[in-house]
Structures are given as C-alpha cells and as structure tokens.
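Chain by chain, the residues run as shown.
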Amino acid sequence: MNKILTSLNVIAATTAHMTLIMQNFHWHVTGPHFLELHEFFGEGYKHHAEALDELAERIVALGSNAPATLAEIGQHSLLKDPSYNLTAK
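Residues numbered from 1 in each chain as written. Predicted model: local features only at pLDDT ≥ 70, side-chain atom pairs only at ≥ 80, totals over all residues. Heavy atoms only, no water.

Moving on to the overall build of the protein. Scanning the protein from terminus to terminus reveals three helices and zero strands. Along its sequence from the N terminus, the protein presents helices and strands in the succession α-α-α. If you line up the protein on its principal axes, its C-alpha atoms span 50 × 20 × 15 Å. When each of the 89 residues of the protein is scored for burial, the buried share is 31%. A separation of at least 24 residues holds for 77% of the contacts in the protein among residues at least 6 apart in sequence. Element-wise, carbon and sulfur atoms account for 59% of the exposed surface of the protein, whose accessible area totals about 6300 Å². Side-chain charges in the protein split into 5 positive and 9 negative, and the spacing between the mean points of these groups amounts to 10 Å. (Helix = DSSP H or I, 4+ residues; strand = E, 2+ residues; numbered from the N terminus. Buried < 20%, exposed > 50% of the residue type's maximum accessible area, 1.4 Å probe, protein only. Contact = heavy atoms within 4.5 Å. Areas by Shrake-Rupley, 256 points an atom, 1.4 Å probe, with all protein chains shown as cover. Lys, Arg positive; Asp, Glu negative; His and termini not counted. Charge placed at Lys NZ, Arg CZ, Asp CG, Glu CD.)

It is at 8 Å that the axes of helix α1 (residues 2-28) and helix α2 (residues 34-61) come closest, and there the two elements cross at 155°. The angle between the axes of α1 and α2 places the two elements in the roughly antiparallel class. Helix-helix and strand crossings are classified by hand; for α1 and α2 the assignment is left-handed. Residue composition of the contact of α1 with α2, by class: 15 nonpolar, nine polar and one charged. (Axes fitted to C-alpha atoms, helices over the stretch in contact; angles between N-to-C directions. Parallel < 35°, antiparallel > 145°, perpendicular 65-115°, else oblique. Left-handed = near helix turned anticlockwise from the far one by under 90°. Nonpolar A, V, L, I, M, F, W, Y, C, P; charged D, E, K, R; others polar.)

Moving on: the nonpolar core. The biggest cluster of nonpolar side chains holds six residues, and these are Leu5, Leu8, Ala12, Leu55, Ile59 and Ala66. Mapped onto this core, the elements with two or more residues apiece are α1 and α2. For alanine 12, the contacting residues outside a window of four places in its chain are Leu52, Leu55, Ile59 and Pro67. Residues Ile21, Met22, Phe25 and Tyr45 belong to the second largest nonpolar core, which totals five residues. (Core = buried A, V, L, I, M, F, W, Y, C linked by side-chain atoms within 4.5 Å.)

Shown next as structure tokens:
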C-alpha cells in the first residue's frame, strides 16, 4: 500500500503543478492567438483540477494526506517550472 500511496502522491503533486502552470499561462497569454490559447489553457486547468480532486479524495480514503501545500507539491512533482518569457507564437 505504501508504494501505491507514494505513487498517487507523485501523480497528485504533478497534476497540481500542471494545473498551476496552465492557470498561469491562461492568465498571462498575449498576442495574436490570445483567445484560442486563453480558452485552451482555461479548459486545461479546469480538467486538471477535477482530476486532482479525485486523486486527493482517493489518497485520503486510503488513509494518507494528499499533497496540499506548495512545498509538498514542489517536493513530489515530476515537473519543473517553465520559463514565463513565452509568446503566443
């Protein structure tokens, strides 16, 4: 069970991290493809947030705590923060 919970925590943290990344891009996208990308990132973070909710509930149901702080998310996520010097191109 410990390996399952460890894996679920990594998946939850990575999902939370991706949710934050997509939300940040949603907020900051500019340029000629603004509307298309704004909607894309908006839908993406909403879907990730729904998946994260299910993962966290499963982790808690298995008797553990889901990663819920930025420190825990950063500790367990498989992602690195992207550069935010991006353009819509």
